[in-house]
Every structure is written in C-alpha cells, then in structure tokens.
Amino acid sequence: EPDIIFIGHGLEQEFETHYLFTGKVLSQGTQRGDFIQVIFKLWADDTNILYSDSVFVEGEQIKYESGIVTDTALNPNKSARYTLKIPLESNIPVSYVTREIHWLKYN
C-alpha cells in the first residue's frame, strides 16, 4: 500500500497578511501514491477552525489508463515538495496549526 509521510516539520512562516507553509513528503510504502494532497488547518484557541486549505505536491508525472495525466504522484522511496499560502482575512489570532496528508491509489 502507499504510505506518505512528512519529512521533518517543514517551514511555517507567519506574515501580516498570510501564512506560508513549505516542506517535503516521502513515499515510504510499497506502492505509488496518487493525487497526494497536504492539508493545513489553522485553529482559534476555542478549537474552531479559522482557515483550512490544501495543495497537491510537486510529484512525478504519471499517465493513468484513463488518459489522465498528473504530476501529483509519488513512487516508493521518492519525495516531493509542497508550498501553500493561506491568506489571513480576520483579526482572530491563530492559536495552533495542524497538518495531514491525503492520497489515493489508482492504476
């Protein structure tokens, strides 16, 4: 099965108007992971989500049997970068940030 993990903690930068998240993921499973997406959630101190956004990784180009071509896949033992900018549009301070990885498995 595919198994995609974060390499380290990545870089989290807070600016006056936005957050910028950059980092890398690694495919450590035995099969390719497809459409790999990194999701960040920014939370208020009352545990309400202030913002949530995601980005697909800059992976390997794959052409599927259906004819779809994408560059968001990773073969085993390969890594890929991600960069996500989340604009801040309110005066509510961000208390903490969580992140997760989603992926699919296609032929």
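Residues numbered from 1 in each chain as written. Predicted model: local features only at pLDDT ≥ 70, side-chain atom pairs only at ≥ 80, totals over all residues. Heavy atoms only, no water.

A look at the sheet that holds strand S3 (residues 34-43)
In a beta sheet, neighbouring strands pair by backbone hydrogen bonds and run either parallel or antiparallel. Spatial ordering of the open sheet is given by S4-S3-S8, a layout of three strands whose pairing is antiparallel. The open sheet terminates on both sides in strands that have one partner only, identified here as strand S4 (49-56) and strand S8 (96-104). With strand direction ignored, the average angle separating the axes of adjacent strands in the sheet is 20 degrees. Taken together, the eight bridges between S3 and S8 define a ladder with antiparallel strand orientation. Bridge pairing in S8 places Val38 opposite Ile101. (Pairing = 2+ DSSP bridges. Helix = DSSP H or I, 4+ residues; strand = E, 2+ residues; numbered from the N terminus. Axes fitted to C-alpha atoms, helices over the stretch in contact; angles between N-to-C directions.)

Quick look at the side chain of Asp34
For Asp34, the location among the structural elements is in strand S3. Polar side-chain contacts of Asp34 include one of 2.7 Å to the backbone nitrogen of Tyr106. Setting aside anything within four residues of it in sequence, one finds Asp34 in contact with Tyr64, Thr72, Ala73, Trp103, Leu104, Lys105 and Tyr106. (Polar contact = N/O pair within 3.5 Å; in protein donor to acceptor, adjacent residues only side chain to side chain. Contact = heavy atoms within 4.5 Å.)

Things to note about the pattern of salt bridges
Tallying each qualifying case throughout the model produces three salt bridges. Of the charged contacts in the structure, one is a salt bridge between Lys105 and Glu1, with a shortest N-O distance of 3.2 Å. A residue pair is termed long-range when its members are at least 10 positions apart, and Lys105 in the segment after S8 and Glu1 in the segment before strand S1 (4-14) qualify at 104 residues. Lys105 sits in the partly exposed class, given a relative accessible area of 43%. Asp34 is the salt-bridge partner of Arg32, the closest N and O atoms lying 2.6 Å from each other. A relative accessible area of 0% places Asp34 in the buried class. (Salt bridge = Lys/Arg side-chain N within 4 Å of Asp/Glu carboxyl O. Buried < 20%, exposed > 50% of the residue type's maximum accessible area, 1.4 Å probe, protein only.)

Nothing here speaks to function; it is all geometry.
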